[in-house]
Amino acid sequence: MELTISSTTKESTMEKHSDQEEELPEEEGVVEFTTISEYITCSCYAINTMMEIDTALMSKEDEERIKNTIRRSLLIIDSCIYDLYYELFDEE
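Computed from a predicted structure; not experimentally measured. (Residues numbered from 1 in each chain as written. Predicted model: local features only at pLDDT ≥ 70, side-chain atom pairs only at ≥ 80, totals over all residues. Heavy atoms only, no water.)

## Digging into the overall build of the chain
Move 1: In terms of helices and strands, the chain carries 3 helices and 0 strands.
Move 2: Along the chain, from the amino end to the carboxyl end, the secondary structure elements read α-α-α.
Move 3: For the chain, with 92 residues in total, the buried portion stands at 11%.
Move 4: In the form shown here, the chain has an accessible surface area of approximately 8,800 Å², with 54% of it arising from carbon and sulfur atoms. (Helix = DSSP H or I, 4+ residues; strand = E, 2+ residues; numbered from the N terminus. Buried < 20%, exposed > 50% of the residue type's maximum accessible area, 1.4 Å probe, protein only. Areas by Shrake-Rupley, 256 points an atom, 1.4 Å probe, with all protein chains shown as cover.)

Structure (structure tokens):
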């Protein structure tokens, strides 16, 4: 028993897939915001990654880049926690 696939079948299948992709409606005005928890999570991942890097074999420039990344990540976490605190304990 021999199984053959014709090129016309492949082409028609490919045309169907491309037609389906083109028919999808575009959603206008949809804006996805990054949540505070996503900022905190990403910052924690960045800090964890930077702490695992061995700086003994790096140049001073690379070491400074790692320190700056950790510092920025801590500032992001601090800012997010500040916003959450005042959102939860706002007395007004």
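The discussion continues.
## Brief notes about a positive patch on the surface
Move 1: Among the surface-exposed residues, Lys60, Lys67, Arg71 and Arg72 lie close enough to one another that they form a single positively charged patch.
Move 2: Of note, lysine 60 is situated in helix α3 (residues 60-88).
Move 3: Since its relative accessible area comes to 66%, lysine 60 is described here as exposed. (Patch = residues over 30% accessible without salt bridge, like charges linked within 9 Å, V, L, I, M, F, W, Y side chains within 5 Å. Salt bridge = Lys/Arg side-chain N within 4 Å of Asp/Glu carboxyl O. Lys, Arg positive; Asp, Glu negative; His and termini not counted. Charge placed at Lys NZ, Arg CZ, Asp CG, Glu CD.)

## Things to note about the side chain of serine 73
Move 1: Relative to the elements of secondary structure, serine 73 occurs in helix α3.
Move 2: The contacts of serine 73, once residues within four sequence positions are left out, are Ser43, Ala46 and Ile47. (Contact = heavy atoms within 4.5 Å.)

## Looking at the pattern of salt bridges
Move 1: Per the stated rule, a full pass over the model turns up 2 salt bridges.
Move 2: Glutamate 61 is the partner of arginine 65 in a salt bridge, and the nearest nitrogen-oxygen pair spans 3.5 Å. Taken as a pair, arginine 65 and glutamate 61 lie in helix α3 at a separation of 4 residues, close to a single helical turn.
Move 3: Taking relative accessible area as the criterion, arginine 65 reaches 45% and is therefore assigned partly exposed.
Move 4: One salt bridge in this structure joins aspartate 62 and arginine 65, with 2.8 Å as the shortest N-O distance. On the criterion of helical spacing, the pair formed by aspartate 62 and arginine 65 is a turn pair, its members being 3 residues apart in helix α3.
Move 5: Taking the relative accessible area as the measure of exposure, aspartate 62 reaches 29% and is therefore partly exposed.
Move 6: Salt bridges sharing common partners tie together Glu61, Asp62 and Arg65.

## Quick notes on α3
Move 1: Counted at 1.5 Å a residue, the expected span for α3 with its 29 residues is 42 Å, and the 42 Å between its end C-alpha atoms agrees.
Move 2: Buried residues of α3: Glu63, Ile66, Ile70, Ser73, Ile77 and Cys80, and no others.
Move 3: Along its buried surface, α3 packs onto α2 (36-52). (Expected span 1.5 Å × (residues − 1).)

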